Amino acid sequence: MRRPLVVANWKMHKTVREALTYAEAFLPRAREIEGVDLALAPPFTALEPLSRALLGSPVAWAAQNVHAEPAGAFTGEVSAPMLAELGCAFAIVGHSERRRLFGESSGFVARKVAALVAAGIRPILCVGEQLEEREAGRAREVVERQLEESLPELPSGREDGLVVAYEPVWAIGTGRTATPALAAEAHGWVRAALRSRYGGAADRIRIQYGGSVKPENASALLAEPEIDGALVGGASLDPESFAAIAAAAVPQAASAGGRRPPPAGGASGQGRNQP
Ligand code: PGA
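How each quantity is defined
Residues numbered from 1 in each chain as written. Predicted model: local features only at pLDDT ≥ 70, side-chain atom pairs only at ≥ 80, totals over all residues. Heavy atoms only, no water. Helix = DSSP H or I, 4+ residues; strand = E, 2+ residues; numbered from the N terminus. Rg over C-alpha atoms; globule rule 2.2 N^0.38 Å. Contact = heavy atoms within 4.5 Å. Areas by Shrake-Rupley, 256 points an atom, 1.4 Å probe, with all protein chains shown as cover. Lys, Arg positive; Asp, Glu negative; His and termini not counted. Charge placed at Lys NZ, Arg CZ, Asp CG, Glu CD. Pairing = 2+ DSSP bridges. Axes fitted to C-alpha atoms, helices over the stretch in contact; angles between N-to-C directions. Near = heavy atom within 4 Å. Polar contact = N/O pair within 3.5 Å; in protein donor to acceptor, adjacent residues only side chain to side chain. Nonpolar A, V, L, I, M, F, W, Y, C, P; charged D, E, K, R; others polar. Core = buried A, V, L, I, M, F, W, Y, C linked by side-chain atoms within 4.5 Å. Buried < 20%, exposed > 50% of the residue type's maximum accessible area, 1.4 Å probe, protein only. 1 Å grid on protein atoms, 1.4 Å probe; cavity = no way out; pocket = protein on both sides within 12 Å on 5 of 7 lines; lining within 4 Å. Points joined across faces, edges and corners; volume = space filled by probe spheres on them. Expected span 1.5 Å × (residues − 1). Phe/Tyr/Trp six-rings, centres within 6.5 Å; stacked < 30°, edge-to-face > 60°.

Draft legend 1. The overall build of the chain, seen in detail. Counting secondary structure elements, the chain contains 10 helices and eight strands. Against the globule reference of 19 Å for 275 residues, the chain gives a C-alpha radius of gyration of 17 Å, in line with a compact fold. On the principal axes, the C-alpha backbone points of the chain span a range of 55 × 45 × 35 Å. Within the chain, contacts between residues separated by at least 24 positions form 74% of all contacts whose residues are at least 6 apart in sequence. Put simply, the chain shows about 11,600 Å² of open surface, and 53% of that area lies on carbon and sulfur atoms. Charge centroids of the chain, computed over 29 positive and 31 negative side chains, lie 2 Å from each other.

This is the structure in structure tokens:
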């Protein structure tokens, strides 16, 4: 029912030249992957040149951050209308690195989500608990609070475009992945929270898993019915490894005993930079 979405979060890696070299290697592999929405999130400097390289391909592009205001005296920031002009399909907001290293509050994140939706860009809202919170048995409460505080009131009908990434902070960049069962349980919490907020529309919102996803663990994670894709950091920096992860998200035909029906198509990017 939900088309998987696999996104490469390059963080502060890759010059323009490196981004273009990556695209050259990745695109032939991406063209063989069916039934999965793919996006690359480069640093801002590479966004425009990469967007040209991806034009007409099955790969969308995403921003790693955005400011909540459309324009103004905010040195160093980039706004949603600026990204929309380039045909940006998705933007990551509320990543734990931004919350922790740049002091971003859930309230600020909620304003970013609203700005993105107003500009026609799909937010990828990241939530996830810290290790101490999990060990104290508070993971569900933390995730629910982040969702509650990071999601603004949205115009009705716009919820479907949301993407939530469940990223336990203790799994990000640590090599310590959540087990499929643990991730699935947390995705269930997210789904339940979205249902209580948006009703039936919540079933169309994609929930990605993020945190040390690698080619070796991707299939087991993505086989969970509640895991609708992956947000990949370190392992997305190499085109082959990212392609292997994306391939692991390909829906299995029902006859093969898989979990997903054949792709319905056209589920992402609002046609902006999607084929
Ligand atoms: P990682 O990062 O795959 O390197 O753990 C994931 C993320 O931060 O989105």
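Draft legend 2. Seen up close, the sheet that holds strand β5 (residues 122-127). Pairing is parallel in the closed barrel, where eight strands are placed in the order β1-β2-β3-β4-β5-β6-β7-β8. Neighbour-to-neighbour, the strand axes of the sheet open up by a mean angle of 25°, direction not taken into account. Judged from the four bridges that link them, β5 and strand β6 (residues 163-166) form a sheet pairing that is parallel. Paired with Leu-125 across the bridge in β6 is Val-164. Running at roughly 175° to strand β4 (residues 90-93), helix α5 (residues 106-119) makes contact with β4 and β5 of the sheet. Packing against the sheet, helix α8 (residues 180-198) makes contact with β6 and β7 (206-210), and its axis sits at approximately 145° to β7.

Draft legend 3. Main features of the site of the ligand. Taken together, 13 residues sit near the ligand, with Lys-11, His-95, Glu-167, Gly-173 and Ser-212 positioned nearest. Lys-11 places a side-chain nitrogen or oxygen 2.7 Å from an oxygen atom of the ligand. Between the ligand and Glu-167 there is a distance of 2.6 Å, counted from an oxygen atom to a side-chain nitrogen or oxygen. With the chains in place, 96% of the 280 Å² that the ligand exposes on its own is no longer accessible. A class-by-class count of the residues in the shell around the ligand yields four nonpolar, seven polar and two charged.

Draft legend 4. Representation of unusual backbone geometry. Its identity is not glycine, yet Lys-11 carries a phi of approximately 55°, on the positive side. Unlike most non-glycine residues, Lys-14 shows phi in positive territory, near 85°. Within the secondary structure layout, Lys-14 lies in the loop between β1 (5-9) and α1 (16-30).

Draft legend 5. Examining the nonpolar core more closely. Counting residues in hydrophobic clusters, the biggest one holds 73 residues, and the most contacted among them are Phe-26, Leu-40, Leu-147, Leu-194 and Tyr-209. With seven residues, α8 is the single largest residue contributor to this core. If we skip the residues at most four places from it in the chain, Tyr-209 touches Tyr-166, Pro-168, Ala-171, Thr-177, Ala-178, Ala-183, His-187, Leu-221, Ile-227, Gly-229, Ala-230 and Leu-231. Core analysis: the next-biggest nonpolar cluster, separate from the first, contains 14 residues, Leu-5, Ala-39, Ala-60 and Leu-231 among them.

Draft legend 6. Representation of the layout of surface pockets within the structure. Taken as a whole, the largest pocket holds about 440 Å³ of empty space. The wall of the largest pocket is formed by 13 residues, among which Lys-11, Met-12, Gln-64, Arg-98 and Phe-102 lie closest to the centre. For the lining of the largest pocket, the leading source of residues is helix α4 (residues 96-101), giving three residues. For the lining of the largest pocket, the residue count by class is six nonpolar, four polar and three charged.

Draft legend 7. Structural context of the environment of Glu-69. The residue Glu-69 is located in the loop between β3 (59-63) and α3 (80-85) in this model. A relative accessible area of 30% means that Glu-69 is categorised as partly exposed. Side-chain polar atoms of Glu-69 contact the side chain of Arg-111, separated by 2.7 Å.

Draft legend 8. Quick peek at α5. With 14 residues, α5 extends 20 Å between its outermost C-alpha atoms, agreeing within 8% with the 20 Å of an ideal straight helix rising 1.5 Å per residue. Of the residues making up α5, those classed as buried are Ser-106, Val-109, Ala-110, Lys-112, Val-113, Ala-115, Leu-116, Val-117 and Ala-119. Buried-residue contacts for α5 involve α3, β4, α4, β5 and α7 (139-150).

Draft legend 9. Highlighting the packing of aromatic side chains. Applying the stated criterion to the full structure yields four aromatic pairs. Seen from their ring centres, Tyr-22 and Phe-26 are 5.8 Å apart, and the 45° between their planes marks the pair as tilted. Linking Tyr-22 with Phe-26, this pair stays in helix α1, spanning four residues, or about one helical turn. In terms of burial, Tyr-22 and Phe-26 fall into one category: buried.

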